[in-house]
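What follows is the residue order along each chain.
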Amino acid sequence: GGLTAQLPAAQLTCKPGYLAVGLRGRSGDLIDRLAVQCRALSCFDGSSNTCAGNSTYEYWTDEFGGDGGGPFTRSCPSGKVLVGVDAKHDMFGGLIHSIAPRCATYTNALASVGAVDYQGPLAGHPTNGAAALRDCPAGEVLVGFQARSHVTNFVTGLQPICSADPVRYRWYTGGQGGGDATLTC
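No experiment lies behind these values; they were computed from the predicted model shown.

*Asks:* I'd love a proper account of the sheet that holds strand E1 (residues 9-13), names of residues and values included.
*Replies:* Read from one edge of the open sheet, three strands run E1-E13-E14, paired in antiparallel fashion. Edge positions in the sheet fall to E1 and strand E14 (157-163), since each has one partner strand and no second. Taken pair by pair, the neighbouring strands of this sheet meet at an average axis angle of 20°, ignoring direction. Pairing geometry for strand E13 (residues 141-148) and E14, over seven bridges, is antiparallel.

Structure follows, in structure tokens:
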């Protein structure tokens, strides 16, 4: 048998019934590591303000990437969910220099076009690379990413995963699928 090259990949997705509300990881000149913060859908019905930071209603996905850079956490304000990301990337080198959450109120995100009403600050190097704004289609929320790396110590590709039905979407947890691409849709 011959050797098969392995492309490190991970599904940083929230379980059905949870929504993505934040990002954390490590960064310097590049995004070294990334994880997604997930919060229970029941936290967005207006009856509970005790969900943030409560492990009964919230958790982080596994982290993907390397150990370089310094730690960062970027989360949506209370009552808002991730509907996209703003990033800076190098299309030719396959590197992600920075990333920031783009958030909207849950009900607005599922109902309207242009629902983004909060954008967090960029983590990483905010001036390197080209702009790479990626929002979910109208009526959908972000439930995670497929992350890839062609260099084991950096995140070099992200594919946003969006859903119009975060309760019953198909939770995909395996396989590499597709090619190595930086912030594609």
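*Asks:* Tell me what's going on with the state of the cysteines, and back it up with residues and numbers.
*Replies:* Tallied over the full model, the rule gives four disulfides. Here Cys-14 engages in a disulfide with Cys-38; their sulfurs sit 2.1 Å apart. Taking the sign of the S-S torsion, -85° for the link of Cys-14 and Cys-38, the bridge is left-handed. Residue Cys-14 is found in the loop between E1 and strand E2 (18-27), and its partner Cys-38 is found in strand E3 (residues 31-40); the two are separated by 24 residues along the sequence. For Cys-38, a relative accessible area of 0% gives the class buried. Across the disulfide from Cys-43 sits Cys-51; the S-S distance is 2.0 Å. Linking Cys-43 and Cys-51, the disulfide has an S-S dihedral of approximately -95° and is accordingly described as left-handed. Considered together, Cys-43 and Cys-51 belong to a single accessibility category, that of buried residues.

Rules and cut-offs
- Residues numbered from 1 in each chain as written.
- Predicted model: local features only at pLDDT ≥ 70, side-chain atom pairs only at ≥ 80, totals over all residues.
- Heavy atoms only, no water.
- Pairing = 2+ DSSP bridges.
- Helix = DSSP H or I, 4+ residues; strand = E, 2+ residues; numbered from the N terminus.
- Axes fitted to C-alpha atoms, helices over the stretch in contact; angles between N-to-C directions.
- Disulfide = S-S within 2.5 Å.
- Buried < 20%, exposed > 50% of the residue type's maximum accessible area, 1.4 Å probe, protein only.

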